[in-house]
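Structure assessment
Chain residues, written in single-letter form:
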Amino acid sequence: MLPPAPPRQASRPSFSPREFRAALGMFATGVTIVTARTASGELVGLTANSFNSVSLAPPLVLWSLAQAAGSMPTLSTGSHYAINILAADQKELAERFAAKREGRWTDVAWTEGVGGAPLLTGAAATFECFNRSRYEEGDHVIFVGEVERCSHRAGAAPLLFHGGRFYTEHPL
């Protein structure tokens, strides 16, 4: 009988963090704003492009957040959040929620979704999620949400992100 094989590990990276980030930037993505409420009712929102579908049955989606993010305590312990896929005309909103600044929610139109999570008016699509599970990997946490409700705006052009820039016009 053969002894068990030693655990395999990845070899040390042959690239710098800057090179890795530049290579990742070559993948064009949509842009989302993840929204929730704190236990005291304060609104939370952040721009994220780390969104993906996981499963149709049950309906699951995922996204990730840096462990050091200020919104981590709210998003990791709250029961619900919403993922708002931004439309091309929402670039300013994406920039606003990507920056660390006060007053992000000033003059932002939204309605209340499942569990109180804000749904951004004009979004191309929204996913109202139960905070099903979280996985710590590297310097991020991967969130898996079970979608309780979703909607989309037929014909809405998406806001895209590629190479560190937002794109509002794109021939499809």
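Residues numbered from 1 in each chain as written. Predicted model: local features only at pLDDT ≥ 70, side-chain atom pairs only at ≥ 80, totals over all residues. Heavy atoms only, no water.

1. What about the packing of aromatic side chains?
To keep things clear, this is the line we draw: Pairing of aromatic rings covers Phe, Tyr and Trp, the last through its six-membered ring, and needs centres within 6.5 Å; plane angles under 30 degrees mean stacked, over 60 mean edge-to-face, and all others mean tilted. Helix and strand assignments follow DSSP, with helices taken as H or I runs no shorter than four residues and strands as E runs no shorter than two, numbered in order from the N terminus.
All told, the structure shown has eight aromatic pairs when counted by the stated rule. Judged by centre distance (5.6 Å) and plane angle (75°), the ring pair of W63 and Y81 falls under edge-to-face. Within this pair, whereas W63 is found in strand β5 (residues 60–66), its partner Y81 is found in strand β6 (residues 80–85), the two being separated by 18 residues in sequence. Linked through ring pairs, W63, Y81 and F143 together constitute an aromatic cluster.

2. Comments concerning the nonpolar core
Heads up, the rule is: Residues belong to a common nonpolar core when they are buried Ala, Val, Leu, Ile, Met, Phe, Trp, Tyr or Cys residues joined through side-chain atoms within 4.5 Å. Exposure classes here rest on a 1.4 Å probe applied to the protein chains alone. A residue is buried below 20% of its type maximum, exposed above 50%, and partly exposed in between. Contacts were defined at the residue level, with two residues in contact if any of their heavy atoms lie within 4.5 Å.
Core analysis: the biggest nonpolar cluster contains 20 residues, and V34, W63, L75, Y81, I83 and F143 have the highest contact counts within it. Of all the secondary-structure elements, those providing two or more residues to this core are β2 (32–37), β3 (43–48), β5, α2 (72–77), β6, β9 (125–137) and β10 (140–152). With near-sequence residues (within four places) excluded, L75 lies in contact with V34, A36, L46, W63, L65, Y81, N131 and F143. Counting residues in hydrophobic clusters, the runner-up holds eleven residues, among them I33, L86, F97 and L159.

3. Some remarks on the sheet that holds β5
Put simply, the rule is: Strand pairing requires that DSSP identify at least two bridges connecting the strands. Geometry is summarised by axes, namely lines fitted to C-alpha atoms with helices restricted to the contacting stretch, and by angles between N-to-C directions that run from 0 to 180 degrees.
Read across the sheet, seven strands follow the order β3-β2-β6-β9-β10-β5-β4 without closing on themselves; strand pairing throughout is antiparallel. Strands at the two margins of the open sheet, each flanked by one partner only, are β3 and β4 (51–55). Along the sheet, successive strands turn relative to each other by an average axial angle of 35°, direction set aside. Bridging between β9 and β10 involves twelve bridges; their strand directions are antiparallel. Bridging across to β10, N131 finds its partner in G145. Packing of helix α3 (residues 91–98) onto the sheet brings it into contact with β2 and β3, and relative to β3 it is tilted by some 110°.

That is the geometry; function is a separate question.
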